[in-house]
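Summary of the model geometry
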Amino acid sequence: MSIEFSDTREKMGDTLRRTIASIEGETVTLRQLMGAMGEQGLLLLCILLCVPFLIPVSIPGVSTVFGAAIILISLAIMLNRMPWLPSKISERHIETEKLIPALRKGVDLIARLDRFVRPRLSAVTGTALVNRLNGAAILYGGILLMFPIGLIPFSNTLPGVAILLVATGMLQRDGVMVIAGYAFLAATTAYFTALAYAAYSAGQGLSGFFV
């Protein structure tokens with residue numbers, strides 16, 4: 001079954017708030033979140049999954065589950081097919097007591113984008129080929145999001161913002177947002193490279209000290 005990314009007239013902030021308000025119970029699964037999104041589609045789900053990483057809060061298991069889901073959704077975008085999610089990811093229970101407040105705070109930040117988002121630079125979002133490339137960018141961001149360095153400042157925030165901007169640009173046909181997302185991906189790559197180099201240098205220094 002193929003998928004289409006049609007424009008949505010409802011503001012992202014309003015749609016996400018409505019989705020969050022529909023979450024009930026002590027826990028929620030990714031499958032339930034997908035059901036709450038309804039016809040709004042995969043891109044909006046990607047945006048929702050990025051929300052917890054926009055604020056300095058730690059929710060156990062979210063980075064792994066949401067990151068893996070973003071990767072699988074991005075593959076579906078690239079292949080123009082509805083995504084398949086293994087039960088280990090789709091049925092993983094996440095505590096709503098911690099998740100919902102994080103989502104609400106993050107949505108308040110996303111709502112500020114609504115005034116700046118509008119259709120422009122259609123060449124960056126207007127064809128199947130570029131949307132496959134944009135899907136690959138979301139895939140790369142999801143991989144960066146799953147790196148096991150969540151305690152390091154900005155290690156989840158930077159790729160989360162990148163995915164948010166690319167998905168928002170694709171959803172609203174805003175090429176400027178997509179390009180901004182690519183810029184954040186480049187910044188994330190540079191940041192992670194610097195962290196790896198610092199860790200390598202520290203390891204070399206320690207080995208030299210003991211030898």
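Structural notes, computed from the coordinates.

Calculation notes
Residues numbered from 1 in each chain as written. Predicted model: local features only at pLDDT ≥ 70, side-chain atom pairs only at ≥ 80, totals over all residues. Heavy atoms only, no water. Helix = DSSP H or I, 4+ residues; strand = E, 2+ residues; numbered from the N terminus. Buried < 20%, exposed > 50% of the residue type's maximum accessible area, 1.4 Å probe, protein only. Contact = heavy atoms within 4.5 Å. Areas by Shrake-Rupley, 256 points an atom, 1.4 Å probe, with all protein chains shown as cover. Salt bridge = Lys/Arg side-chain N within 4 Å of Asp/Glu carboxyl O. Core = buried A, V, L, I, M, F, W, Y, C linked by side-chain atoms within 4.5 Å.

Remarks on the overall build of the chain
Per the secondary structure count, the chain includes nine helices and two strands. Across the chain, helices and strands are ordered from the amino to the carboxyl terminus as α-β-α-α-α-α-β-α-α-α-α. The 211 residues of the chain split such that 45% are buried. Of the contacts formed within the chain by residues at least 6 apart in sequence, a portion of 78% connects residues at least 24 apart. Surface exposure of the chain reaches about 11,100 Å², of which carbon and sulfur atoms provide 63%.

Overview of the pattern of salt bridges
Side-chain pairing between opposite charges can occur once the charged atoms of the two side chains come close. Inspection of every chain in the model, using the stated rule, returns one salt bridge. A salt bridge links D174 to R120; the nearest nitrogen and oxygen atoms lie 2.7 Å apart. Of this pair, D174 sits in the loop between α8 (157–172) and α9 (175–210) while R120 sits in the loop between α6 (96–111) and α7 (128–145), and the two are 54 residues apart along the sequence. Overall, the relative accessible area of 0% leaves D174 in the buried class. Accessibility expressed as a relative area gives 24% for R120, which makes it partly exposed.

A short note on the environment of N80
By the secondary structure assignment, N80 is in the loop between α4 (62–79) and α5 (87–90). When the C-alpha atoms of N80 and R132 are compared, they prove to be 8.2 Å apart, with 52 residues separating the residues in sequence.

Some words on the nonpolar core
I47, L49, F66, I110 and I138 are the most contacted members of the largest nonpolar core, which totals 50 residues. Breaking this core down by element, the ones donating at least two residues are α1 (12–21), α2 (30–37), α3 (42–50), α4, α6, α7, α8 and α9. With five residues, the next largest nonpolar core counts L144, A162, L185 and F192 among its residues.

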